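Per-entry structural report
Residue strings, one per chain:
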Amino acid sequence: MSKWKKLLGIMLLLLLLALTACNSDSASEDDGSTEGDDTSEESGDSGEEGSDEPYAFTMMANLHTPEVPNEKVLTEIESATNTDIEIQWVPDNNYEDRLNTAFATNSLPEAVFLKNQTSFIQFRDAMEDEQFWEVGQYLEEFENLSKLKENVLDNTRVNGNLYTLYQGRPLSRQGLIYRKDWADNLGLEAPTTTEEFMEMARAFTEDDPDGNGKDDTFGVTDRSDLVYGAFKTVSSWFGTPNNWGEQDGQLLPEFMFDEYKETMDFFREMHENEYINQDFPVTSKPDQQEFFKNGTAGMYVGSMGDVGSLHNDAVAINPDVEFDVHNNIAGPDGEFGIWAIPGYGSLVMFPKSSVETEEELKKILGFFDQMMTPEVINIAYWGIEGEHYNVKEGKALPVEDQDLTDREVKPYQAIEIGEPETNGRYEGFFDYDVKAKSEELFKDNENHLIEDPTVPLYSETYVNDGARLQEIITDATYQYILGQTDEAGFDEAVEKWKSEGGDAIIEEYNASK
Amino acid sequence: METTALTAKENAKQAKKMKRSETWRRIKRNKMIYLMILPGIIYFLIYKYLPMYGLIISFQDYKPYKGIMGSEWVGFEHFQRLFESTEFWMIFKNTLVLFGLQIFIFFPIPIIISLMLNEVRHSFFKRGVQTLIYIPHFMSWVVIVSISYVMLTLDGGIVNAILETLGFEKINFLLNEDWFRPMYILQVIWREAGWGTIIFLAAITAVDPQLYEAARMDGANRFRQMWHITIPAIRNVIIVLLILKIGDVLELGFEHVYLLLNSSNRSVAEIFDTYVYVAGLQQGQFSYSTAVGFFKGGVGLAMVVFANWLAQKFDEEGIY
C-alpha cells in the first residue's frame, strides 16, 4: 500500500512540476517576447518607452513547396522588422480545409493569408459581419502600405471597406509553352490561330516530331484543372468571357456563351484524336509536367513562367531540348484575348478574435509596412544576397542550386505584400532567355485582357452555393469533352445549375451591377 | 396509521440507502478496477460523447463567429434541404451499393482465404503467404490508388498496353462510371483481405483437434471436416464481425472513395463521406454538412440494432 502511495505521490509531483514548468515557460514568454493576452497595456507601455522588444505574432500561410522551410530567411526578416513571427505553414492542397477549420474553431492566428479569390468570396460574409479588422482607414498612416494600387484594392473591397492587404500578381501569365526543336523538325511556326494550334497538336502527335521513328508522342499535356490548366486559357482565345460576360445587357456565366461550347468542341476533337493526354481529367500537375519534361508531349498551356523550372528539369533528361513561349493566338474571329485575374494572388486578413486591440493591429500592419520596403521584401522574396541570389544589372539572379532556393527561400514568397512596382523588390534576372521572354509576354498580355465583370459585384447565393453549383458545370464540361455526354446533356446540366440556384445568382449579379 | 405509513416510507428509504451503500461498498472494494476503467470512460466522454454537442449546429444556421449559442435556429431546414436535393437519393444509393459490395463480396473473402490457409500444412509456406497478403494493409490509400492509376491509365498504363498488344480495345478504367465499383472493391480486397484473415485464423486455431480426429475416424475427408467442424466452430466470430461491419455501414473509407472520385464517375461514386467533406470543409457549409453526417450516423445506428436483432432471432449471441 505504501508503495502505491509513494508512486502516486511521485507521479503527482511530476505532474505538478510539468505544469508549473509549462506555466512559467509561457509566463516568461509573455513577459519577454510575446505580447500575449494583456497586450494592450503592455504594447502601450513599450510604445511610450520606445522599448526594443520584438513584437511577436503568428501567421498562417500557404506552402507551395513539399517541405517546411528552415528559418534562416525568417530570422533575417525578424531582425530587420523587429518581430518574432511564427508561421503556420499549410500545404497548398489542403489550405482551404485548414482555413475553414481554423475559422470554424475560432483558432485563426493574427495574420491569415487567404488562398485566392474563391476563398476571399467565401469569407466576405464574415468580413461584412466585422469579424476581421477594417484596414482601409489605417493605410494612410503607413508610408508603404499607402502605395498599394488603388484599382487592385478596389477589387478586394467589401461594401467599400477594406479588410485585406493584397499580394500583387501580373494580370495574366497565361500562354503556350512548346517544344521549339520539334516545331523546327517539322517546319512549324508558333501557332497564331486556334487552327494552327490544332495543327501543331496533330503534327506533334502524328508526324513523329522527335524523329525516333516511333509513335510515342502527343500534342498537348493537360491536367485536372479547368481554370489553371489549358481549358480556360484556350477558352479565352475563342473569346469566351472571363467567368461572366454580358449578353443583351445581361450578365451571364461563361458557360452560357457559344464560345464556351466551341472550346469544348475543340477539346473534344483533340481528345478524340488523342492529341491530348487521354486521362487529363484525372492527371495531376506533376504528371502533366512530366509528360512535357520527358519528351512525351510537346505543348503546355498554362503559366508561361513555368518554362524556367520545366526547362531546368527537362535538360537534365535530354540536353538537346529547346522550349519557347508564345501568347498571341487568335480565335475564329481573328481576335486574341486572354483572361485576367483581379491583380492579386493571395490576400492577408486580420481576425478580430486573435488581434484584440487596435495597437496590436497597428503593430502587425507596421510589420507588413516594413515588408514593403526593398530591404525586407528582397530577403523574403530572394533570400540573402550572395547566398541565395546575386544582383545582376539591377535584377536578382537566383543561385544555380534550385533545391537550396526551394528549401530556404521560395516558401517565404507567399508572404509578400504588393508587387515590385509598389514594394520595390528586385525583378528577376533570367539567364534563360525564354524565361525572360515569358516575362515580356506577361506585359504583352495586358493589352488583350478579358476582365471578370463580377469582381466588384456581390451575390449571396454565389457565396453560399457557388462552389457546389460550379461542380455541376465542371463535371458536365469534362463529360462533354470525353464524349460521355452531348450538347443536350450539357444544356441539361446548365438547366440544373440554373434551377438549383444559378438563376438567383444571375439575378443577384445583375441587380448589383 | 400515519406512523405506519411513515415507517413504511422510511423503510423504503432505508432500503434504498442500504442498497446505495452496498453499491458504494462494492465500488470501494474494487476501486483499483474502477480506477482502471476510468481513463476509458473519460476517453469516451471527451472524444465520443462531448462532440455530439456539436450536432446542435445542424439545426442552426451556424456562423462560426457567432458560436453555437449565438447562431440562428432554423429547425429542420438543413435536413429538408438534404432530403429534397436531387443528389440525396443518388448519394444514398451509392453508399448502399458500396456497402453491399463490402458485405457480399469483400466480407466472405478473408474467411475463404483463412479456410484455405488452414488447409495448408506447410507452415513456412502458410506464414509466407499470410505475411505477403497482409502487407498492403500498411500502405495508405494514396499509395494503393496511385499504383492502380499508373497501371490503368490510358497514357501508357501497363494494363491498357497489354490489352492493346493482345488486340483488344483500350479501356478507360479511370474515367468511366462502369468501372468505378469493380475498381473500388478490388482495391478494398487488395488492401484489406489479408489483414482480415488474422482474426479468423486465430479463431480456427482454437478449434479442438480431437474433433478433427473423430471426424477422420468417421471417414470425413478434408472438405467435410472443413464444412462440419471448422465453419461451425468459427460461426460466432463470423457473426460478431458481420454485425460490427454492418455498424460501419456508412464508413466506406472516405479517403479511398475521395481519391477515386472524378467528374466522370461522380454519379456512382459520391457517397455521404465525400459529400460532407466537400460541402462542409471545402465550401464552408458547416450546418448542412453536419446535418448530412447526423443522418448518416442515424442510419448506421439503426443498421446495427437491426443486425443485432436479426442475429438474436437466429439464436446467435449478437454483440449486446
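Residues numbered from 1 in each chain as written. Chains lettered and ligands numbered in written order. Predicted model: local features only at pLDDT ≥ 70, side-chain atom pairs only at ≥ 80, totals over all residues. Heavy atoms only, no water.

1. Comments concerning the overall build of chain B
A count of helical and extended segments in chain B gives 17 helices and two strands. Taking 320 residues into account, the globule formula puts the C-alpha radius of gyration at 20 Å, and chain B, at 27 Å, lies well above it. The dimensions of chain B, computed from C-alpha atoms along their principal axes, are 100 × 70 × 35 Å. For chain B, the residues scored as buried account for 39% of the 320 residues in total. Counted over contacts in chain B with a minimum sequence separation of 6, partners at least 24 positions apart contribute 66%. Per element, the accessible surface of chain B, about 19,500 Å² overall, is 67% carbon and sulfur. Each charge class in chain B was averaged separately, 30 positive and 26 negative side chains, and the resulting centres sit 13 Å apart. (Helix = DSSP H or I, 4+ residues; strand = E, 2+ residues; numbered from the N terminus. Rg over C-alpha atoms; globule rule 2.2 N^0.38 Å. Buried < 20%, exposed > 50% of the residue type's maximum accessible area, 1.4 Å probe, protein only. Contact = heavy atoms within 4.5 Å. Areas by Shrake-Rupley, 256 points an atom, 1.4 Å probe, with all protein chains shown as cover. Lys, Arg positive; Asp, Glu negative; His and termini not counted. Charge placed at Lys NZ, Arg CZ, Asp CG, Glu CD.)

2. Thoughts on the overall build of chain A
On a plain count of helices and strands, chain A comes out with 19 helices and 17 strands. Whereas a compact globule of 513 residues would reach a radius of gyration of roughly 24 Å, chain A reaches 26 Å, a difference of no more than 12%. Expressed along its principal axes, the backbone C-alpha trace of chain A runs to roughly 85 × 65 × 55 Å. Expressed as a percentage of its 513 residues, the buried residues of chain A come to 53%.

3. Comments concerning the side chain of Arg 468 of chain A
Tracing the backbone through its elements, the reader meets Arg 468 of chain A in helix 18 (residues 460–481). For Arg 468 of chain A, a relative accessible area of 11% gives the class buried. Excluding residues within four positions of it along the chain, Arg 468 of chain A makes contact with Glu 500 of chain A together with Arg 81, Glu 87, Tyr 275 and Gln 283 of chain B.

4. Let's talk about the sheet that holds strand 7 (residues 174–179) of chain A
Residues and elements named next belong to chain A. Judged by pairing direction, the sheet is mixed, and its four strands sit side by side in the order 8-11-7-12 without closing on themselves. The open sheet has two edge strands, strand 8 (218–221) and strand 12 (323–326), and neither has a second partner. Across the sheet, the mean angle separating the axes of adjacent strands is 20° when strand polarity is ignored. Strand direction decides the pairing type here: strand 8 and strand 11 (residues 297–303), joined by three bridges, are parallel. (Pairing = 2+ DSSP bridges. Axes fitted to C-alpha atoms, helices over the stretch in contact; angles between N-to-C directions.)

5. Quick look at the environment of Leu 260 of chain B
Residues and elements named next belong to chain B. For Leu 260, the position within the fold is in helix 14 (residues 254–260). For Leu 260, a relative accessible area of 8% corresponds to the buried category. Taking the C-alpha atoms as reference points, Leu 260 and Tyr 149, 111 residues apart in sequence, are found 9.2 Å from one another. With residues up to four places along the chain from it excluded, the contact list for Leu 260 reads Val 145, Phe 180, Met 183, Tyr 184, Gln 187 and Asn 265.

6. Concerning the interface of chain B and chain A
Residue-level contacts link 31 residues of chain B with 33 residues of chain A. Between chain B and chain A, roughly 2,700 Å² of surface is buried when both sides are summed, and carbon and sulfur atoms account for 46% of that area. Along the contact surface separating chain B from chain A lie four salt bridges. The partner of Asp 465 of chain A in a salt bridge is Arg 81 of chain B, with the nearest N and O atoms 3.5 Å apart. Inspection of the region where chain B meets chain A yields eleven residue pairs in polar contact (both at pLDDT 80 or more). When the residues that make up the side of chain B that touches chain A are grouped by side-chain class, the tally is 13 nonpolar, eleven polar and seven charged. (Buried area = accessible area lost by both parts, 1.4 Å probe. Salt bridge = Lys/Arg side-chain N within 4 Å of Asp/Glu carboxyl O. Polar contact = N/O pair within 3.5 Å; in protein donor to acceptor, adjacent residues only side chain to side chain. Nonpolar A, V, L, I, M, F, W, Y, C, P; charged D, E, K, R; others polar.)

7. Some thoughts on helix 10 (residues 258–272) of chain A
Residues and elements named next belong to chain A. With 15 residues, helix 10 extends 21 Å between its outermost C-alpha atoms, agreeing within 8% with the 21 Å of an ideal straight helix rising 1.5 Å per residue. Among all positions in helix 10, only Tyr 260, Lys 261, Thr 263, Met 264, Phe 266, Phe 267, Met 270 and His 271 are buried. Where helix 10 terminates, the next one or two residues include Glu 274, which has phi positive at roughly 60°. (Expected span 1.5 Å × (residues − 1).)

8. Points about the packing of helix 3 (residues 72–81) of chain A against helix 14 (residues 374–382) of chain A
All names here are of chain A. Running from N to C, helix 3 and helix 14 cross one another at 170°; their axes reach a closest spacing of 9 Å. Between helix 3 and helix 14, the interaxial angle falls into the category roughly antiparallel. Side by side, helix 3 and helix 14 meet where Val 73, Glu 76, Ile 77, Ala 80 and Thr 81 of the first sit next to Val 376, Ile 379 and Ala 380 of the second. (Parallel < 35°, antiparallel > 145°, perpendicular 65-115°, else oblique.)

9. Here's the deal with the packing of aromatic side chains
Residues and elements named next belong to chain B. On inspection of all chains with the given rule, the structure shows 62 aromatic pairs over all chains. Between the aromatic rings of Phe 92 and Phe 272, the centroid separation amounts to 6.2 Å while the plane-to-plane angle is 75°, which identifies the pairing as edge-to-face. A residue pair is termed long-range when its members are at least 10 positions apart, and Phe 92 in helix 5 (residues 87–106) and Phe 272 in helix 16 (residues 272–282) qualify at 180 residues. Between the aromatic rings of Tyr 134 and Trp 195, the centroid separation amounts to 5.6 Å while the plane-to-plane angle is 85°, which identifies the pairing as edge-to-face. Here Tyr 134 is found in helix 7 (residues 123–134), whereas its partner Trp 195 is found in helix 10 (residues 177–205), with 61 residues between them in sequence. Residue Tyr 134 is classed as partly exposed on the basis of its relative accessible area, which comes to 23%. Judged by its relative accessible area of 34%, Trp 195 is partly exposed. (Phe/Tyr/Trp six-rings, centres within 6.5 Å; stacked < 30°, edge-to-face > 60°.)

10. A word on the nonpolar core
All names here are of chain A. With 63 residues, the main nonpolar core has Met 59, Leu 145, Leu 165, Phe 350 and Phe 368 as its most contacted residues. If near-sequence neighbours (up to four positions away) are discounted, Met 59 is found in contact with Ile 85, Glu 86, Ile 87, Gln 88, Pro 109, Ala 111, Phe 113, Phe 367, Phe 368 and Ile 415. Counting 52 residues, the second-largest nonpolar core is a separate cluster that includes Ala 203, Met 270, Met 299 and Leu 469. (Core = buried A, V, L, I, M, F, W, Y, C linked by side-chain atoms within 4.5 Å.)

11. Details of the pattern of salt bridges
Applying the stated rule across the entire model yields 36 salt bridges over all chains. The shortest N-O distance in the salt bridge between Asp 184 of chain A and Lys 180 of chain A comes to 3.3 Å. Taken together, the positions of Asp 184 of chain A and Lys 180 of chain A, both in helix 7 (residues 180–186) and four residues apart, correspond to about one turn of that helix. We classify Asp 184 of chain A as partly exposed; its relative accessible area is 43%. Lys 180 of chain A gets classed as partly exposed once you look at its relative accessible area, which sits at 26%. Residues Arg 25 of chain B and Glu 22 of chain B are paired through a salt bridge, measuring 3.1 Å at the closest nitrogen-oxygen approach. With Arg 25 of chain B and Glu 22 of chain B both in helix 1 (residues 2–29) and three residues apart, this pair spans about one turn of that helix. Within this structure, Asp 465, Arg 468 and Glu 500 of chain A together with Arg 81 and Glu 87 of chain B form a network of salt bridges that share partners.

12. Brief notes about the confidence of the model for chain B
Residue and element names in this part refer to chain B. Summary statistics for chain B give a mean pLDDT of 85 and a share of 96% for residues scoring 70 or more. The least confident element of chain B, judged by mean pLDDT, is helix 1 at 74; the most confident is helix 8 (residues 141–152) at 92. Listed scores for the predicted complex are pTM 0.80 and ipTM 0.78. (pLDDT = per-residue confidence, 0-100.)

13. Examining the sheet that holds strand 1 (residues 55–63) of chain A
In sheet architecture, strand pairing relies on hydrogen bonds along the backbone and comes in two forms, parallel and antiparallel. Residue and element names in this part refer to chain A. The mixed open sheet is built from five strands, whose spatial order is 2-1-3-14-6. Either end of the sheet is taken by a strand with one partner, and the two such strands are strand 2 (83–91) and strand 6 (164–168). Across the sheet, the axes of successive neighbouring strands diverge by a mean angle of 20°, strand direction being ignored. Sheet analysis places strand 3 (residues 111–114) next to strand 14 (residues 344–349), joined by three bridges and oriented antiparallel. Each residue of the ladder has a partner; that of Leu 114, found in strand 14, is Leu 347. The strands that helix 13 (residues 358–371) touches are strand 1, strand 2, strand 3, strand 6 and strand 14; relative to strand 1, the one it contacts most, it runs at about 55°.

14. Here's the deal with the packing of helix 3 of chain A against helix 13 of chain A
Residues and elements named next belong to chain A. Remark: helix 3 packs on helix 13, axes separated minimally by 10 Å, with the N-to-C direction vectors making an angle of 110°. In this view, helix 3 runs roughly perpendicular relative to helix 13, as classed from their interaxial angle. Judged by residue contacts, Ile 77, Ala 80 and Thr 81 of helix 3 engage Phe 367, Gln 370 and Met 371 from helix 13. In the contact of helix 3 with helix 13, the residues fall into four nonpolar, two polar and no charged.

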